Amino acid sequence: MSRNKCRNKAGNRTSNNAGNRTSNNAGNRSRNKVGDKSRRNTSYKESGSHSISLPEKFLLMLADAAGEERAQIIVSAITGTPPEISVRLNREKVPAGQEYEFETLDMVPWCKDGCYLKERPDFTLDPLLHAGAYYVQEPSSMFIAMLEPLLKRFEIKTILDLCAAPGGKSTHLASIMPESAVLWSNEVIRSRVGILAENITKWGNPNVKILNLDPSQFGNRKEVQQRSGLRKNSSQFPSGKDNLHTGQNDYWGPFDFILVDAPCSGEGMFRKDPASVAGWSEELVQTCAARQKRILSDIWPSLAPGGFLAYSTCTFNKYENDLNITWLKTEFGARLFSLEEFYSDLPSLLNDWGVVRSPEGGYQFFPGLVRGEGFYFALLRKPSAENHYKAEVLQKSEKLHAASKTFNTPNAPNISNISNTHNISNTHNISNTSNTPNTPYGPNTPKIPKTSKTANTPEHCEAQYADYKGPWPSVELSKDEALKYLSRESFRLDDARPDIARLDIARPCSIKPDSIKPGGVKSGTTEHGSEKPDTTEPGSEKPGTTESGGDKPENAPLGYIRLTYKGLGLGFAKNLGVRINNLYPVSWRIRKPLR
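Caption draft 1: Representation of the overall build of the protein in the model. Assigned secondary structure in the protein consists of 17 helices and 23 strands. Within the protein, the proportion of its 595 residues that are buried is 58%. Across the protein, the fraction of contacts at a sequence separation of at least 24, relative to all contacts at a separation of at least 6, is 73%. Looking at the protein as shown, the accessible area adds up to about 25,100 Å², and 46% of this sits on carbon and sulfur atoms.

Structure, rendered in structure tokens:
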């Protein structure tokens, strides 16, 4: 089997017609006609696939959105073909032309940094994933790459990703936005901000700030400051090293560009997670559509006049897609903006890729027609003359809030069973967030305190910056050493490197979350989390020996060192002379056995 290297070539297109690759005879594989009402649910079982029961209402909505002929192909793809495996490379860390050892099929045609993989590797045990060299992402959602000329031609400076966790689209925006732009990556559910912070930090762009706010909080700066719980010079934010503006320079909008990757019914993920079909219902679609309107009305005042709003979902039906675009145009005067402004051959490209233009001008991805899962994307622009704080806009938002109370009644559909699968469902639980203080913060979680007030103490995010310029020396690790470091296991560095030879990296495990921070371990904390005085100072150990009795190298760099794998930063450690303390964040450690 030949090994194709995943590399970036501007304008590179896949040689196969995306639509032809998956659609041949697809209609013949469907065992039931879409729209057939003879059965309540239609069950399918293809060779090598899961048994999936697709609800009749779903089939009717699918036929309404895609048409009968396309619906046949989509159903066959969901029930009879495996999902694609793909990654998106971080070109700040893996430069164009640099080869990467993936077994690849093709490049994702609408994203020059996206690769289709031949098979799924063990991503967890690849140090380059943890170093932010690439992001494992579904190919259809990489369509965000098409926004790059817009962001740069209009010199977009302030960007908001409103529903950001787990961070795929935020890291993508960070890669294509102008160098001078700032991206605010927001997630309303507090429990999901941790994974967002981890992925943003590993991507390595310091111009990305993280927020934890409900969409309704963006429209009023005073309310944001009061409800965020943010205090200037708070000990939660390391002075000068956090990724957050504080005090009078807080920035809450208006934004030049807003992405609303809205929580949805998740129909487009049925192939990747057949079990999620059980959570789908017509009532769920209605609830999601209403919630999406509420989110859009809340955030619209924070979009600058003349600014752009991108709306996306991972579902098929028109109620959550086209009809919401119609509603935005009618209620708020939004105007559809076509990407043909930047791609003169766009109609031909879309046809080659299998992407369908919806009646309202959105871009619809259907499995079976494209090499990817279900995805909907529409780009809108706000009239430049509109006052973005018009009273009637806020009144519409208040009415939608009042109406949305019915979505949290005991009889409301339960969508918790698919929220973790799609990473977007139930993102905006109104009843749970309205009275909860939310603290916006940078990649270093604010609830984790600093371990030292010393200005020379590094923050973990600094080790993973794509353009690292810190004062701490970098030490390259082998793959085995890197995995042990990422697992917080103890190990000895390779004797072949005279600067750090034979030094042991200690494993300070079982540390309580409130006693550490990303990039640091609380001084005096033992392996079991108890307090123990640490009177050892660098250089005060018995000269000439290591903890294990070997010779201590004369050139061992004392203090903080940045550990790297293939030149990319993984995190910090501290050389105390007789040992090296592992400072990798506990909550991020690899829990999977290395052997």
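Now that the structure has been shown, we can carry on.
Caption draft 2: View of the packing of helix α3 (residues 56-66) against helix α4 (residues 68-80). Between α3 and α4, the least distance of the axes is 7 Å, while the angle of their chain directions is 125°. In terms of axis orientation, α3 runs oblique to α4. Crossing angle aside, the handedness with which α3 passes α4 is right-handed. The residues of α4 that touch α3, namely those facing F58, L59, L62, A63 and A66, are E68, R70, A71, I74, V75 and I78.

Caption draft 3: Just the environment of L380, in detail. With respect to the helices and strands, the residue L380 is situated in strand β15 (residues 375-381). Along the sequence, L380 and F337 sit 43 residues apart, while their C-alpha atoms lie 5.1 Å from each other. Apart from the residues lying within four places of it in its own chain, the contact partners of L380 are G307, F308, L309, I325, L328, K329, A334, R335, L336 and F337.

Caption draft 4: Here's a closer look at the side chain of R579. Within the element layout of this structure, R579 appears in the loop between β22 (568-575) and β23 (580-582). Reaching out from R579, the side chain makes a polar contact with the side chain of N581 at a distance of 3.3 Å.

Caption draft 5: How the structure looks around helix α17 (residues 479-486). The element α17 is largely enclosed, with a buried count of six among its eight residues. Taken as a whole, α17 has its buried residues at E481, A482, L483, K484, Y485 and L486. The secondary structure elements touched by the buried residues of α17 are α5 (127-130), β16 (474-476), β17 (491-492), β21 (559-565), β22 and β23. Phi for R488, located one or two positions after α17, is positive at around 60°.

Caption draft 6: Structural detail: the state of the cysteines. Counted under the stated rule, the structure contains zero disulfides. No disulfide involves C264; its sulfur sits 3.5 Å from the nearest other cysteine sulfur, which is in C314. C264 sits in the buried class, given a relative accessible area of 1%. Not part of a disulfide, C288 finds its nearest cysteine sulfur in C264, a span of 6.5 Å. By relative accessible area, C288 is classed as buried at 1%.

Caption draft 7: Molecular detail of the packing of aromatic side chains. One pass over the full model with this rule turns up 23 aromatic pairs. When the centroid spacing of 5.3 Å and the interplanar angle of 45° are considered together, the rings of F143 and Y363 count as tilted. With F143 in the loop between β6 (134-136) and α6 (148-153) and Y363 in strand β14 (residues 363-365), this residue pair connects regions lying 220 residues apart in the sequence. Accessibility classification places F143 together with Y363 in one group, the buried group. For the ring pair F154 and F308, a centre distance of 4.9 Å and an interplane angle of 65° mean the geometry is edge-to-face. Placement of the pair is F154 in the loop between α6 and β7 (158-161) and F308 in strand β11 (residues 303-313), with a sequence separation of 154 residues. The exposure class of F154 is partly exposed, given its relative accessible area of 30%. The exposure class of F308 is buried, given its relative accessible area of 1%. Through successive ring pairs, a cluster of aromatic residues spans W110, F143, W353, Y363, F365, F375 and F377. Taking the ring centre of Y116 as reference, the NZ or CZ of R371 above it sits at 3.8 Å. The ring of Y468 carries the charged tip of R562 above its face, separated from the ring centre by 4.0 Å.

Caption draft 8: Broad picture of the sheet that holds β17. The six strands lie next to each other as β16-β21-β22-β23-β18-β17, forming an open sheet whose pairing is mixed. Every interior strand has two partners, whereas the edge strands, β16 and β17, have only one. In the sheet, β22 pairs with β23 via three bridges, with the strands oriented antiparallel. By the bridge assignment for β23, N575 is matched with I580. With respect to the sheet, α17 is in contact with β16, β17, β21, β22 and β23, its orientation differing from that of β22 by roughly 70°.

Caption draft 9: View of the pairing of strand β10 (residues 255-261). Burial analysis of β10 places six of its seven residues in the buried class, the great majority of the element. Relative to β11, β10 runs parallel, the two being bridged by six bridges. What sits directly across from V260, in β11, is Y311. Once you follow β10 into helix α10 (residues 282-299) and on to β11, the crossover reads as right-handed.

Caption draft 10: Fine view of the environment of E476. With respect to the helices, strands and loops of the structure, E476 is situated in strand β16. Taking relative accessible area as the criterion, E476 reaches 36% and is therefore assigned partly exposed. It is 9.8 Å that separates the C-alpha atoms of E476 and L570, two residues lying 94 residues apart in sequence. At 2.4 Å, the side chain of E476 and the backbone nitrogen of K566 are in polar contact. Within the structure, the side chain of E476 is placed 3.2 Å from the backbone nitrogen of G567, a separation counted as a polar contact.

Caption draft 11: Just the sheet that holds strand β5 (residues 114-117), in detail. Ordered by their spatial adjacency, four strands build an open sheet running β4-β5-β3-β6, and the pairing between neighbours is antiparallel. At either margin of the open sheet sits one strand with a lone partner, and together these are β4 (104-107) and β6. Across the sheet, the axes of successive neighbouring strands diverge by a mean angle of 30°, strand direction being ignored. With three bridges connecting them, strand β3 (residues 86-89) and β6 associate as antiparallel partners. Paired with R88 across the bridge in β6 is Y135. The sheet contacts of helix α7 (residues 168-176) involve β3 and β6, and relative to β3 the element is tilted by about 35°.

Caption draft 12: Expanded view of the packing of α10 against helix α11 (residues 322-332). In the contact formed by α10 and α11, the axes pass within 11 Å of each other and the chain directions differ by 40°. Taken together, α10 and α11 sit at an angle that is classed as oblique. Between α10 and α11 the crossing geometry is right-handed. Contacts from A289, Q292, K293, L296 and S297 in α10 reach N324, W327, L328 and F332 in α11.

Rules used in this analysis
Throughout, residues of each chain are indexed from 1 in the direction in which the sequence is written. Reporting of local features is limited, given that this is a predicted model, to residues whose pLDDT is at least 70; pairs of side-chain atoms are given and counted only at 80 or more, and all residues count toward the totals for whole chains, interfaces and linings. Only heavy atoms go into the side-chain values, all of them from the structure, while hydrogens and water stay out. Put simply, DSSP marks the helices as runs of H or I at least four residues long and the strands as runs of E at least two long, and each gets a number from the N terminus on. Think of it in three bands: residues with accessible area under 20% of the maximum for their type are buried, residues over 50% are exposed, and the middle band is partly exposed, with areas taken using a 1.4 Å probe on protein chains only. Here, two residues are considered to be in contact whenever any of their heavy atoms come within 4.5 Å of each other. Residue-level accessible areas treat just the shown protein chains as cover; the underlying method is Shrake-Rupley with a 1.4 Å probe. Orientation is described by lines fitted to C-alpha atoms, with helices fitted over the stretch in contact, and by angles between N-to-C directions that extend from 0 to 180 degrees. Each angle gets one of four labels, with under 35 degrees taken as roughly parallel, over 145 as roughly antiparallel, 65 to 115 as roughly perpendicular, and the rest as oblique. Less than a right angle of anticlockwise turn of the near helix away from the far helix marks a crossing as left-handed, whereas a clockwise turn marks it as right-handed. N or O atoms within 3.5 Å of each other form a polar contact, as long as, within protein, one can give a hydrogen and the other can take it, and as long as residues adjacent in sequence are counted only when both atoms are side-chain atoms. By convention in this document, the label disulfide applies to cysteine sulfur atom pairs within 2.5 Å. For Phe, Tyr and Trp, rings pair up if their centres lie within 6.5 Å, where Trp contributes its six-membered ring, and each pair is then called stacked (planes under 30 degrees apart), edge-to-face (over 60) or tilted (otherwise). A ring is considered to have a charge above it if a Lys NZ or an Arg CZ atom is located within 6 Å of its centre and within 35 degrees of its normal. Only strands that DSSP links by at least two bridges are regarded as paired with each other. Seen with its strands pointing away from the viewer, a crossover is right-handed when the path leading from the first strand over the helix to the second is clockwise.

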